[in-house]
Amino acid sequence: MTVLRHIIFAACYVAVALAVALVLPLAGLGVDRSYGLLMGLVVFVFGGLLHEFYARMEQAERLEHRLDRLLDRQRDVLAALDRLMRPDEADDAVAAVVSDARMLRTLAGQMPVQAAAPAPMAVAPAAAAPAPVAPVPPPARPVPPLPSLGSAYGPLPGAEALVGAPVDDDAPVMAGIREALRSDRVDIFLQPIVSLPQRKHRYYEVFSRIRLEDGSYLTPDRYLGVAARHNLLAPIDNLLLFRCVQLLRETEKRHQNVGFFCNISAATLNDGTFMREFVQFMGQHSNLVQKIVFELSQADLMQGDVFATGFLDGLRSLGFRFSMDQVDRFDVDWDQLAAHEIRFVKLDAARLLDPDGRFANPDKVTLLKRQLDRNNIDLIVEKIETDQQLLDLLDLYIDFGQGYLFGEPRLARRPAPQ
């Protein structure tokens, strides 16, 4: 109540009390003056108590309203503090863009400014060209094609334009590789790896493909050797790793529980500049570490120098796991490989099932499987193309399968802009 309303309310019950005290003895009802005064006093006390009751109710309402406002302000303050302590999704997106930009800058810095062979191409002005880093020495051995999308399965659609080109003519291939790297036309293909016998998709293997201006693709047997001779193998492999991380972030957003196998060469492991940046980059995305499996050939692992560089153990200390493919022999120290987190071994289905092949002895494969199981290493058989092949292989109790029977390599969607 306002002051005026209090005065009016008090005046009302005082007037009623006076009226009762004065009028009741004069009404002829046999009430004397003392009794009239007493009745007036009762009315006055009752009016005062009623006035006090409503005044206290009004005060309680005001206090409750003030308390509600204080609680609302407290909630706002706590929400602001929570936003400061835990960055929201927009801040996470900004952090992701910053880390991606740093990684892309590192990849751009690996590209040689000038071609090693005289190939016609446009050269950017000197002021805009990235500073070159020391080139990675080419591998001592010839680089084989990738297993699941190479010549064994034939070229991808659109690659016929370069099939007839001479192998020793590096100029057009080099021009296509350099232009694809500069224009971000290195596409990613994914092929599923399934658990057996359930055939449930557990992993995807990631392959890189060089896309030319006309939409055709350079197959690995055409560009890997040329890229190795001209010190471009490491930038291609590194870009593949970067795309793999982007794909993993997309699957995290969709809550998809899958992992990716990503090929990595000894040349990439020996690239100290990139590896240091990559380790720092993955330190900011530690939740993705368990979902990337790096794949190295047996020849690279058996050379021993990949362990000497320390980068393999550095990746292992972050929680990464590794897979060994292109296996030619079984007489290896599986205990040592397991100690370096080699958790997968890939074998070719055709070689396992070839009655004249070196892997065709079921006893040897059974012994290998026991050794792998003892060291917690899973066996993956790749290039499975028919149901009959799968039935023959299931007798060997393999863990995972890969091949056209379970899914052909498909072009991955580009990650949405952050």
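For the structure itself, look to the data block above.
Attention in this report is confined to the structure presented alongside it. Think of each chain on its own: its residues are numbered from 1, step by step along the sequence as written. The predicted nature of this model means local features are confined to residues of pLDDT at least 70 and side-chain atom pairs, given and counted, to a pLDDT of 80 or more, with totals for whole chains, interfaces and linings taken over all residues. Each side-chain value is derived from all of the structure's non-hydrogen atoms; neither hydrogens nor water enter the calculation.

1. Let's talk about the pattern of salt bridges
Turning to step 1, where the next piece is worked out: Counted as salt bridges are all cases of a side-chain nitrogen of Lys or Arg within 4 Å of a carboxyl oxygen of Asp or Glu. Summed over all chains, the structure comprises 13 salt bridges.
Turning to step 2, where the next piece is worked out: We note a salt bridge from Asp-331 to Arg-329, for which the minimum N-O separation is 3.3 Å.
Turning to step 3, where the next piece is worked out: For Asp-331, a relative accessible area of 58% translates into the label exposed.
Turning to step 4, where the next piece is worked out: A 1.4 Å probe rolled over the protein chains alone gives each residue an accessible area, and that area as a share of the maximum for its type sets the label: buried under 20%, exposed over 50%, partly exposed in between. Taking relative accessible area as the criterion, Arg-329 reaches 37% and is therefore assigned partly exposed.

2. So, helix α4 (residues 170-182)
Turning to step 1, where the next piece is worked out: An ideal rise of 1.5 Å per residue puts 18 Å on 13 residues; α4 measures up with 18 Å between its terminal C-alpha atoms.
Turning to step 2, where the next piece is worked out: Where α4 is concerned, the buried positions are Asp-170, Val-173, Met-174, Gly-176, Ile-177, Arg-178, Ala-180 and Leu-181.
Turning to step 3, where the next piece is worked out: Against the buried residues of α4 lie β1 (186-195), β2 (200-211), β3 (217-218), α5 (220-229) and α6 (233-253).
Turning to step 4, where the next piece is worked out: Two residues or fewer past α4, Asp-184 is found with a positive phi of approximately 60°. Secondary structure elements follow DSSP: runs of H or I of four or more residues count as helices, runs of E of two or more count as strands, with numbering from the N terminus. Here the expected length of a helix is defined as 1.5 Å per residue gap, with one fewer gap than residues. Residues count as neighbours in contact if any of their non-hydrogen atoms are within 4.5 Å of one another.

3. A short note on the nonpolar core
One broad rule of soluble globular proteins: the nonpolar side chains tend to lie buried together.
Turning to step 1, where the next piece is worked out: Of all hydrophobic cores here, the largest spans 76 residues; its most connected members are Ile-177, Phe-278, Met-282, Phe-294, Phe-320 and Trp-334.
Turning to step 2, where the next piece is worked out: Per-element accounting of this core gives the leading share, 10 residues, to α6.
Turning to step 3, where the next piece is worked out: Apart from residues lying up to four places away in sequence, Met-282 is in contact with Val-245, Leu-288, Val-289, Ile-292 and Phe-320.
Turning to step 4, where the next piece is worked out: Among the buried residues, those of types Ala, Val, Leu, Ile, Met, Phe, Trp, Tyr and Cys that are joined through side-chain atoms within 4.5 Å form a nonpolar core. Formed by 7 residues, the second largest nonpolar core is a distinct cluster that contains Phe-261, Phe-344, Ile-380 and Phe-400.

4. What about the environment of Ala-350?
Turning to step 1, where the next piece is worked out: Relative to the helices and strands, Ala-350 resides in helix α13 (residues 349-353).
Turning to step 2, where the next piece is worked out: Residue classification places Ala-350 among the partly exposed positions, given a relative accessible area of 44%.
Turning to step 3, where the next piece is worked out: Taking the C-alpha atoms as reference points, Ala-350 and Lys-383, 33 residues apart in sequence, are found 7.5 Å from one another.

5. Overview of the side chain of Gln-389
Turning to step 1, where the next piece is worked out: Relative to the helices and strands, Gln-389 resides in helix α15 (residues 387-394).
Turning to step 2, where the next piece is worked out: Contact partners of Gln-389, with chain neighbours within four places excluded, come to Leu-353, Lys-383 and Ile-384.

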